[in-house]
Every structure is written in C-alpha cells, then in structure tokens.
Amino acid sequence: MLDRMDLRTRRGGSCPLSLARRPRPARRLRALSAALAVAVAAGPALAQPAPTGGEGAAPAGGEGAAPAGGEGAAPAGGEGAAPAGGEGAAPAEEAPVSETTRQVARLHFEKGLALLREEAWGPALAEFLLSRKLYPTRAATNNAAIALRKLQRYDEALEMFETFLRDFTMSAAERAVAQREIAELRALVGTLDITNAEPGASIVVSGEERGQYPPVKPIRVAAGAHVVRVFKEGYEPVEVRVDVAGGQTVTVNAKLRRLVRSGRLRVVERAGKTVDVLVDNVVVGQTPWIGTLSVGDHMVALRGEGKLGTQPTAAPVKPQELTTLSLLAEDLDASLRIDPTPPGASVWINSVNVGNGVWLGRLKAGAHRVEVKADGFVSEARTVTLQKGQRQGLSLALDRDEDAEIWRKPPKITLEASASFLVAPTFGGDVASACGSGCSSAIGLGGLGTIHGGYELGSGLGVGIELGGIVAAQQLEERAAELRPIGYRDPLGGAASDALRLGGFLAGATFGYHLGEQYPALLRLGAGVLVGEVRDERTGRFRTTQGASFNTYPVVDFAPATYFYVDPEARLGVRLGERWELSASVKLLLLIGLSKPSWDRTIELAASTDGIGTYGQESLMGDVVLMIAPGASLRYQF
C-alpha cells in the first residue's frame, strides 16, 4: 500500500528545491522542524514532544538526531525518535492503533530521517507518508511537508502544512512558522476551475486523478504548465494544456460531446481478481468491466492493492465492435515518473502510448523503452532499467525541429505607412559648385512619406511596391554668378542667392527580409523612379558695365527632374498585438540623375542701365544626390 499511496500522491518534480536561494523559508522550515523534535522514550513507549528551540535550533535527539544545519530544513525528531504520541497524535475519535502498528510506523519514520540526511527527498517522502498512513503524527506530517517543498510539489506541500495546522496541537510559535509557510506556498500555487463538464466525469491533471466533476474542493496545482483531461464514458474526452500562475485561477471549459463513432471494450483479469480498470489513466470501474469508448487506440492498465497491477497495454477500439482484453495482474516491483518537455508531449512506454504530459505508475523491474514525441520537436527515446523496489524519475526535454511544418509561418499581405525626416548634405549641381569663399550653404532638409504594400513568405522574405512623396529644400547665399545683358559680349560679374526646393513623387519595387517576433527587424532594398521638379527662387547683386552696383529682382524657375532611386532601409520595431507593428527606421535615399533640372536661360530680368539680361544655363541638382532619412513606420499584416 505504501507504493500505491506514494504514486497517487506524488505529482511534482524529482529534483530537490535549493533553499539557498530562499534563505528565509529555509530558516522557517528549520525552526518548524526543530520545534517538533522528539526524544526517544525508553522501551516500546512512544517519544513525547521535545521543548521548542529558537529559529534555526537543532532538533532534540542527541546523537541520533537529524542534522539541523545545511541547505535543507531539519526534520523533526532524531534517528531514534518514534512518531510522537500525546498531543501530537491523530484525533482521539479515530480507531485505536495497535502497538505493532506504531512500531512499524516508527521504523518507516526513522528510515525517512536517514534518507533526508542523504537529501533523497522522494524516498524520504514515501517513508513519511507511509508512517502517517499507519499512525499519523505531528512529526511525520511536518517532515512530509518539508520533503514535498524540497521536491517543488508546492500544492501538496501546502495541503500537508494545512493538515499539520488543522489536525495537531502546537505552540503559538510553531503555528506562526507554519502559517508563514502556508502564506508563501499559496503564492506558488494556482487553482483550476473546471466548468461545463458532465456530472460524474473524471478529472485528471498532469497524470493524476483529481476526483470527479463537480469537484468537492478547489483543484490546486503548482504554478506552471499542466495537461487537464476530463473523461466520461459515452462522451469524447476533453484534453487541454493550461499555464497556471501562482495565486491565480484558470478556468477550463470542459464541455463534453456525446460519442458519434464508438466501440465497446471489455477488460477481464485472467485469474478472476477484482481490481481497478484504468482507461487512459482514468479509473472507469473494476474487473470484469465493459464500456463504450471513442474509436481509436486507448491505454489500459489494472491496479490493485499494494504492488498488484499490470503494465500499460494498448487497446484498439473499432467502430461498432467489441474488443476484449484479458490481463493478468501481478506484482509490479518498481515505479517510474516521466516529465516531458514540452509539457503536452505524448509519452510512450514499450511502444504503448500512455498519454500526454506527466506520467507516473508502476512497472516491472527490468528494461523499458521510453519515448517522448511532440509536433514540431525531435522525438527522443531512452532505455530505462528499473531495479526491484526502485522509484525513478525521468525528465526528457525535446529539441525543437526548426524544419517542422508547425513552425513555418504562413505567408501574409502587409500594408505600411512611413514618415521620414530628410537630411541632404548638398543638392550638388552647378549651383552648389559655384559656392566658394564668401558663400554660405545650408544643409538640405525635408520630408519623405511612403505607403508600402507587400507579400511576405513565412520565412520572412518578401516583395512589394512603394509609392511616396518627397519635399526637400536648400538655401545658398552669395555664390559666384554671372548675368548676361542682351546685346553685350561680356557678362556682368556678381553674386546670386538661390532658394532650391525639390518636390515630387516616387514609385518602385522592394525586396526585404523580416525577422523576429516581439521585437521584429526588417532589412529592405527598394528601387524606382522619382519624378518631380526643382523650384529655384533667385536674387542677385551685380555691377553694370559702368561699374555701378545694382540688385536684381527675384525670379523663379521650375525645372523638371527625373531620377532613378535606390533606398536601402533598416528597421527595428515592437509588435502591438497580433497584427500591428511600430518601428523606427533609417533609410538612405540615393538619387541618380536621368534628367537633371537646369535653370532656363531664356528667363529675362532687368540689368539696370545695361538693359535686359539673363542667367546662364546651370544645373540645379547634381548627377548623384545622397539623402539620409530617419523615420518611423506603422505596419499592419492581414
């Protein structure tokens, strides 16, 4: 019965919790254990509670006492301590316990203490639980709670500490320590709220039966990922993976649908024994059993008193047919717990699918093949050799299969709007070249706005088209210039000031690579044509042929401009919900002249006493113009 009881109770990981990371709980656990220390009584008499020590005090018990120091909490009682009687015993209304039973409980209690010294938390827990089953005492209850916390089975540790407070009398100091432990454990434990299930449906959480629906008390689980399965004969089972946070309640909608395609399964025990029948890890009745199940493969096992049972067996159920299994229940000398990662992975033992998520159960001593599978992950198999009486835990973490279909993102259509601030060191051309000493040239400034539509593959590669508009301006003051009076051979020397402004529309195609989830990045290259015009408002100061100085009135020219452009871009953004993305970008806009804008030399203006003059033909922009465009963009994916 000990092994069966332990298997039903054990739900957490097999690795001990290092309390070095949580010094305060460790001291409280030591204080609680020390407060419950018991001394060895002479002869067969049971030990009585020892005096309570201060926080961190070692337990009583002399040479045989369990150590109080070290990383873990000290257990209650010494090596020779028996389960406490008197005020630490179970409620008086329970049936009397024989002296023989007490002595057996004492032996298991002492064995648990010895295992705690070796930090064998799982085996130690099994001994304390068996000791409690035979004769529940305050010391065994406290030590079981400590072992459960070491194993990170926080929900069970919480329940054991609550039992400790509820069922036993203790000092105010002991109660305060236990209450602090309970408060801290409640922050590490969440609750499952099962709704809409059929009355009487069985609830299984991470491989452990948790009663029937509706549950009589809240279903508490350690924070983390769990697989919840709800089953009732005649209905399709519901199985769902949930992530539970500490202190939170997660609702599971377990609406069951009646079977449409079904078959019948009959299970008998070959020797005629009456034992429990488990189908897909749920107790459905006792042998001989017959019931209706969904079509497909199921896992069947028998479970009796103590170690009696069978290993998992495959049971294929066919539509409208009766499948019969005849199984022989025998002693299963070992037990195994399998913790797969990801939590919902399917577990196979000796080629039998035993379910999804955590599995724990009894097996024969010897070699067993364990395999864990999950969509999108590389399957892994291990051969585990179990010794007689051995309880073993196995954790298998699967590597992600990057080539799996599940990880391939579907293609999508995207729409983006971008706005950038333009900086141009110079527009170039003859106008800029004439700006020498005594001339001042401002940096070109402006703005760029684009709309982009694209088609993006799941790999992140994408193509698209972009449309946009551009405005940029640059001011040059007092550059060298000439004004040619009509009818004169020589031009008039002087200086001119130009207010240049580029405006136009661009259209092109793009090719890019988009990667990342929460903080996506984009590398993209676009190319196309810019069509627009350059406006030049010009004034000047010249000397006539007689040497008199004069100023020209402002004149304006609009020169058409056509450029081929290339615009490499890099972005870094943040995802806003499922479809939106906001990013900052840096773009280089390289313009290559196809038709450069030039001043119209036919424009006439007054040349003072020299009559009418014209400016010479000058290019307003260069053959190659580089602009830098930092900006922001908003993206939506359909």
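Here the residue numbering is sequential within each chain, running from 1 through the sequence in written order. A pLDDT threshold of at least 70 governs which residues receive local features in this predicted model, and a stricter bar of 80 or more applies before side-chain atom pairs are shown or counted, although totals over entire chains, interfaces and linings include all residues. Just so you know, side-chain values use all the structure's heavy atoms and leave hydrogens and water out.

Asks: Sorry, what's going on with the overall build of the protein here?
Replies: Helix and strand counts for the protein come out as 8 helices and 39 strands. The contacts of the protein with a sequence gap of at least 6 include a subset with a gap of at least 24, amounting to 66%. Surface accessibility in these figures is a Shrake-Rupley result with a 1.4 Å probe; residues are shielded only by whichever protein chains are displayed. Put simply, the protein shows about 29,000 Å² of open surface, and 55% of that area lies on carbon and sulfur atoms. Strands here mean DSSP runs of E at least two residues long; helices mean DSSP runs of H or I at least four residues long; both are numbered from the N terminus. Note on contacts: a residue pair qualifies if any of its non-hydrogen atoms lie within 4.5 Å across the two residues.

Asks: I'm lost on empty space enclosed by the protein in this one. Help?
Replies: The rolling of a water-molecule-sized probe over the atoms marks out the regions of remaining empty space. Definitions used throughout: a 1 Å grid over protein atoms alone; a cavity as a set of points that fits a 1.4 Å probe which cannot get out; a pocket as an open set with protein on both sides within 12 Å along at least five of seven lines; a lining residue as one with an atom within 4 Å of a point. Grid points are joined across faces, edges and corners, and a volume is the space filled by probe spheres set on the points. All chains considered together, the criterion is met by 2 cavities of 30 Å³ or more. Each pocket or cavity is described by its volume, and for the largest cavity that value is around 100 Å³. Lining the largest cavity are 18 residues, and of these His452, Glu456, Gly462, Val463 and Arg524 lie nearest its centre. Looking at the lining of the largest cavity, the elements that each hand over two or more residues are strand 28 (412-424), strand 30 (444-456), strand 31 (461-485), strand 32 (492-515) and strand 33 (521-543). Lys, Arg, Asp and Glu make up the charged group, whereas Ala, Val, Leu, Ile, Met, Phe, Trp, Tyr, Cys and Pro make up the nonpolar group; the residues left over, Gly among them, are polar. Counted by class, the lining of the largest cavity contains 5 nonpolar, 9 polar and 4 charged residues.

Asks: Honestly, the confidence of the model for the protein in this entry has me stumped. Any pointers?
Replies: Low pLDDT means the predicted coordinates in that region are not meant to be read closely. Across the protein, the average pLDDT comes to 83, with 85% of residues at 70 or higher. When the criterion is pLDDT under 50, residues 1-92 qualifies, and its contacts beyond four places in sequence or with other chains add up to 249 contacts. A residue's pLDDT is the predictor's confidence in that residue, given on a scale from 0 to 100.

Asks: Before we go on, may I ask you to explain the sheet that holds strand 22 (residues 359-363) in this structure?
Replies: Consider a sheet: its strands pair through backbone hydrogen bonds, and that pairing is either parallel or antiparallel. Strands pair, by our definition, only if DSSP identifies at least two bridges between them. Taken in spatial order, the 3 strands make up an open sheet running 22-19-26, and their pairing is mixed. Looking at the sheet topology across the chains shown, the edges are occupied by strand 22 and strand 26 (391-397). Within the sheet, the average angular offset between the axes of one strand and its neighbour, ignoring direction, is 20°. Across 7 bridges, the pairing between strand 19 (residues 334-341) and strand 26 is parallel. Every axis in this analysis is a line fitted to C-alpha atoms, fitted for helices over the stretch in contact. Angles between the N-to-C directions lie between 0 and 180 degrees.

Asks: Just checking my understanding: could you explain the pattern of salt bridges for this structure?
Replies: Proximity of charged atoms lets side chains of opposite charge pair with each other. The term salt bridge refers to a side-chain nitrogen of Lys or Arg lying within 4 Å of a carboxyl oxygen of Asp or Glu. For the coordinates displayed, the defined rule picks out 39 salt bridges. Across the salt bridge formed by Glu156 and Arg153, the nearest N and O atoms sit 2.7 Å from each other. The burial state of Glu156 is the same as that of Arg153; both residues are buried. Via salt bridges that share partners, Lys412, Glu416, Glu456, Arg524, Glu569, Arg571, Glu581 and Arg635 belong to a single interconnected network. Partly exposed describes any residue whose relative accessible area lies between the buried limit of under 20% and the exposed limit of over 50%, with all areas from a 1.4 Å probe on protein chains only and scaled to the type maximum.

Asks: Quick question: what am I supposed to make of the nonpolar core here?
Replies: It is characteristic of soluble globular proteins that their nonpolar side chains tend to be buried jointly. To define a nonpolar core, start from buried Ala, Val, Leu, Ile, Met, Phe, Trp, Tyr and Cys residues and group those joined through side-chain atoms within 4.5 Å. Judged by nonpolar contacts, the single largest core of 38 residues is most densely connected at Leu502, Leu591 and Met627. When near neighbours in sequence (up to four residues on either side) are disregarded, Leu502 contacts Phe427, Ile470, Val471, Ala472, Leu530, Glu533, Val534, Leu591, Met621 and Met627. In this structure, Leu115, Ala124, Ile182 and Ala222 belong to the second largest nonpolar core, which totals 31 residues.

Asks: Would you mind going over the packing of aromatic side chains with me for this structure?
Replies: Each aromatic ring pair is characterised by the separation of its centres together with the angle its planes make. The pairing test for Phe, Tyr and Trp rings, Trp by its six-membered ring, is centres within 6.5 Å, and the orientation test on the planes gives stacked under 30 degrees, edge-to-face over 60, and tilted for anything in between. Tallied over the entire structure, the rule returns 7 aromatic pairs. On the numbers, 5.7 Å between centres and 85° between planes, the contact of Phe377 with Trp407 is edge-to-face. Pair noted here: Phe377 is in strand 24 (residues 377-378) and Trp407 is in the loop between strand 27 (399-400) and strand 28, with a separation of 30 residues, a long-range link. For Phe377, a relative accessible area of 22% puts it in the partly exposed group. Taking relative accessible area as the criterion, Trp407 reaches 28% and is therefore assigned partly exposed. Among the aromatic residues, ring-to-ring pairing joins Phe542, Phe550, Trp599 and Tyr615 into one connected group. Charge over a ring is defined by NZ of Lys or CZ of Arg lying within 6 Å of the ring centre and within 35 degrees of the ring normal. A cation over a ring is seen here: Lys373 above Trp348, with NZ or CZ 4.2 Å from the ring centre. Geometry around Trp599 places Arg538 over its ring, the cationic atom sitting 4.0 Å from the centre.

Asks: Can you walk me through the state of the cysteines in this structure?
Replies: Throughout this description, disulfide means a covalent bond between two cysteine sulfur atoms. By convention in this document, the label disulfide applies to cysteine sulfur atom pairs within 2.5 Å. Tallied over the entire structure, the rule returns 1 disulfide. Here Cys435 engages in a disulfide with Cys439; their sulfurs sit 1.8 Å apart. Torsion about the S-S bond of the Cys435 and Cys439 cystine: about -100°, corresponding to left-handed handedness.

Asks: What should I look at first to understand the sheet that holds strand 10 (residues 262-269) in this one?
Replies: Spatial strand order, 13-10-17: 3 strands in an open sheet with mixed pairing. Either end of the sheet is taken by a strand with one partner, and the two such strands are strand 13 (289-294) and strand 17 (322-327). Put simply, the sheet's adjacent strands are angled 25° from each other on average, direction ignored. Pairing of strand 10 with strand 17 involves 6 bridges; the strand directions are parallel. The residue of strand 17 that forms the bridge with Val267 is Leu325.

Asks: Please clarify how the packing of helix 4 (residues 121-134) against helix 5 (residues 138-150) should be interpreted in this entry.
Replies: For any two helices packed against each other, the geometry is given by the interaxial angle and the distance between the axes. Taken N-terminus to C-terminus, the directions of helix 4 and helix 5 make an angle of 150°; their axes are 9 Å apart at the nearest point. When the axis of helix 4 is compared with that of helix 5, the two are roughly antiparallel. Our pair here, helix 4 against helix 5, has a crossing hand that is left-handed. On helix 5, the residues touching Trp121, Leu125, Phe128, Leu129, Ser131 and Arg132 of helix 4 are Ala140, Thr141, Asn143, Ala144, Ala147, Leu148 and Lys150. Reported orientations rely on four angle classes, namely roughly parallel under 35 degrees, roughly antiparallel over 145, roughly perpendicular from 65 to 115, and oblique for the rest. Definitions for this section: a left-handed crossing has its near helix turned counterclockwise from the far helix by less than a right angle. A right-handed crossing has that turn clockwise.

Asks: Is there a simple way to explain helix 5 in this structure?
Replies: By this rule, a helix spans an expected 1.5 Å times one less than how many residues it contains. Its 13 residues give helix 5 an end-to-end C-alpha distance of 19 Å, which sits within 8% of 18 Å, the value for a rise of 1.5 Å per residue. Of all 13 residues making up helix 5, 13 are buried, and the element is well covered by its neighbours. Once helix 5 ends, the next one or two residues include Gln152, with phi positive near 65°.

Asks: Teacher, can you tell me more about unusual backbone geometry here?
Replies: Negative phi characterises most residues that are not glycine, and trans characterises most peptide bonds. Along the chain, Thr287 connects to Pro288 via a cis peptide bond; the corresponding omega equals -10°. Positionally, Pro288 belongs in the loop between strand 12 (282-286) and strand 13. Even without glycine at this site, Asp280 takes up a positive phi of about 55°. Residue classification places Asp280 among the buried positions, given a relative accessible area of 13%.

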